[in-house]
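# Understanding the architecture of this molecule
Read off the chains here:
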Amino acid sequence: MKLPERITFVGTEDPAPVLIRIFLNYGIPIVVGGSQLPEKIQNSIRGMEPEENLLWTDPAQATVGANIIFVCQPPAQIPGTLAGLPTDALAILCTERLPDVLELRSATGACLVRAFHHLQPDLLTNPLSFGQRISHLYCCDRPSGRARVEQLLDLCALEPIFSGNLDLAHELENVQQLLVSLEIEHGPLALKLLRGQEG
């Protein structure tokens, strides 16, 4: 699968700064919705030369024509952002907390994804420092969106584990945090235990 032609970020809460750096390293053009580039993103990309591939623009314009959107905003702002997205867009909700799932679905016809959440910034910066790819649980409302999500997770050296549609998003929060902690401490054995496999 070829790399995305463009990735849009609306909001700059974690993990946006680290993800922007990772995707810029692959040469993927990035659009950030905002009147100016926040200091934490400037710090994240320090030492790079991203001028040709990094654009920040008005948040209302950032999603025009976008088909992969990382929503990194406070929960109260998320439904408004989703409202104007095209139906073929992939909206990745990666902030720590989510609004009600029914409220999100009623706001948009886009494919909703819960991924890239509850990840420590240092883990994303150097995901293989623990000697393996860290498993990451994600939810996706449409089968057609899974390949695109898994490609993005793969670019971040994360091992994707599909966990159902967005109805399960809130239930997976604690499981994802536990999984990361177990894998860092115990390696692949943690995933086998969670799946009920023998060591």
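Right above here is the structure, for reference.
Described in the following lines is the structure provided in the data block. (Residues numbered from 1 in each chain as written. Predicted model: local features only at pLDDT ≥ 70, side-chain atom pairs only at ≥ 80, totals over all residues. Heavy atoms only, no water.)

## Digging into the overall build of the chain
Cut-off, in case you're wondering: The helix and strand labels rest on DSSP assignments: H or I over at least four residues marks a helix, E over at least two residues marks a strand, and numbering proceeds from the N terminus. Burial classes follow relative accessibility: with a 1.4 Å probe on protein chains only, a residue under 20% of its type's maximum area counts as buried, one over 50% as exposed, and anything between as partly exposed. Throughout, a residue-residue contact means that at least one pair of heavy atoms, one from each residue, lies within 4.5 Å. Using a 1.4 Å probe, accessible areas were evaluated by the Shrake-Rupley method; residue-level cover was limited to the displayed protein chains.
Counting its regular elements, the chain contains nine helices and eight strands. Looking at the chain residue by residue over its 199 residues, the buried ones come to 51%. Long-range contacts, defined as pairs at least 24 residues apart, comprise 62% of the intrachain contacts of the chain with a sequence gap of at least 6. Split by element, the accessible area of the chain, about 9,700 Å² in all, is 50% carbon and sulfur.

## As for the nonpolar core
Convention followed: Grouping buried Ala, Val, Leu, Ile, Met, Phe, Trp, Tyr and Cys residues that are joined through side-chain atoms within 4.5 Å yields what is termed a nonpolar core.
By size, the foremost hydrophobic cluster in this structure holds 37 residues, and its most contacted members are Phe 9, Phe 23, Phe 70 and Phe 116. Every element with two or more residues in this core is listed here: strand E1 (7-10), helix H1 (16-25), strand E2 (30-33), strand E4 (68-71), strand E5 (90-93), strand E6 (111-114), strand E7 (134-140) and helix H7 (143-155). With seven residues, the single largest contributor to this core is H1. In terms of nonpolar packing, the next biggest core, distinct from the first, is built from 22 residues, Ala 91, Leu 93, Cys 139 and Ala 169 among them.

## Brief notes about the pattern of salt bridges
The condition is simple: Criterion for a salt bridge: a side-chain nitrogen of Lys or Arg within 4 Å of a carboxyl oxygen of Asp or Glu.
With the rule as written, the count across this model stands at three salt bridges. As a salt-bridge pair, Lys 2 and Glu 5 come within 3.6 Å of each other at their nearest N and O atoms. A relative accessible area of 64% means that Glu 5 is categorised as exposed. Note that Asp 167 is salt-bridged to Arg 105, the shortest N-O span being 2.8 Å. You can see Asp 167 sitting in the loop between strand E8 (158-162) and helix H8 (169-186) and its partner Arg 105 sitting in helix H5 (residues 101-107), a full 62 residues away along the chain. Assessed through its relative accessible area of 43%, Asp 167 is described here as partly exposed.

## Focus on the pairing of E2
Successive residues of a regular strand alternate their side chains across the two faces of the sheet. Note the following rule: Here a strand pair is declared whenever DSSP counts at least two bridges between the two strands. Here a crossover is taken to be right-handed if, once the strands point away from the viewer, the path from the first strand over the helix to the second is traced clockwise.
Burial of the side chains of E2 extends over both faces: Ile 30 and Val 32 are buried on one face and Val 31 and Gly 33 on the other. Bridging between E1 and E2 involves four bridges; their strand directions are parallel. Note on E2: the bridge partner recorded for Thr 8 is Val 31. Handedness of the crossover joining E1 and E2 through H1: right-handed.

## What about the sheet that holds E5?
Heads up, the rule is: Axis geometry follows a simple rule: fit a line to the C-alpha atoms, using only the stretch in contact for helices, then measure angles between N-to-C directions, giving values from 0 to 180 degrees.
Overall, mixed pairing links the eight strands, which are arranged E3-E2-E1-E4-E5-E6-E7-E8 in an open sheet. Looking at which strands have only one partner, the edges of the open sheet turn out to be strand E3 (54-57) and E8. Direction aside, the axes of adjacent strands within the sheet are offset by 25° on average. Of the strand pairs in this sheet, E5 and E6 are connected by four bridges, and their pairing is parallel. The residue bridging Leu 93 from the neighbouring strand is Arg 114, located in E6. Across the sheet, H1 touches E1, E2, E3 and E4, and the angle it forms with E1 is around 165°. Where H7 meets the sheet, it contacts E1, E4, E5, E6, E7 and E8, and its direction lies at approximately 155° from that of E7.

## Some thoughts on the environment of Cys 72
With respect to the helices and strands, Cys 72 occurs in the loop between E4 and helix H4 (78-82). C-alpha of Cys 72 to C-alpha of Val 10: the two residues are 62 residues apart in sequence and 6.0 Å apart in space. Ignoring anything within four residues of it in the chain, the contact list for Cys 72 reads Phe 9, Val 10, Gly 11, Thr 12, Glu 13, Ala 16, Cys 94 and Thr 95.

## What to know about H7
The complete set of buried residues in H7 reads Gly 145, Val 149, Gln 151, Leu 152, Leu 153 and Leu 155. Directly beyond the C-terminal end of H7, a positive phi value near 60° is found at Ala 157.

None of this, on its own, says anything about what the molecule does.
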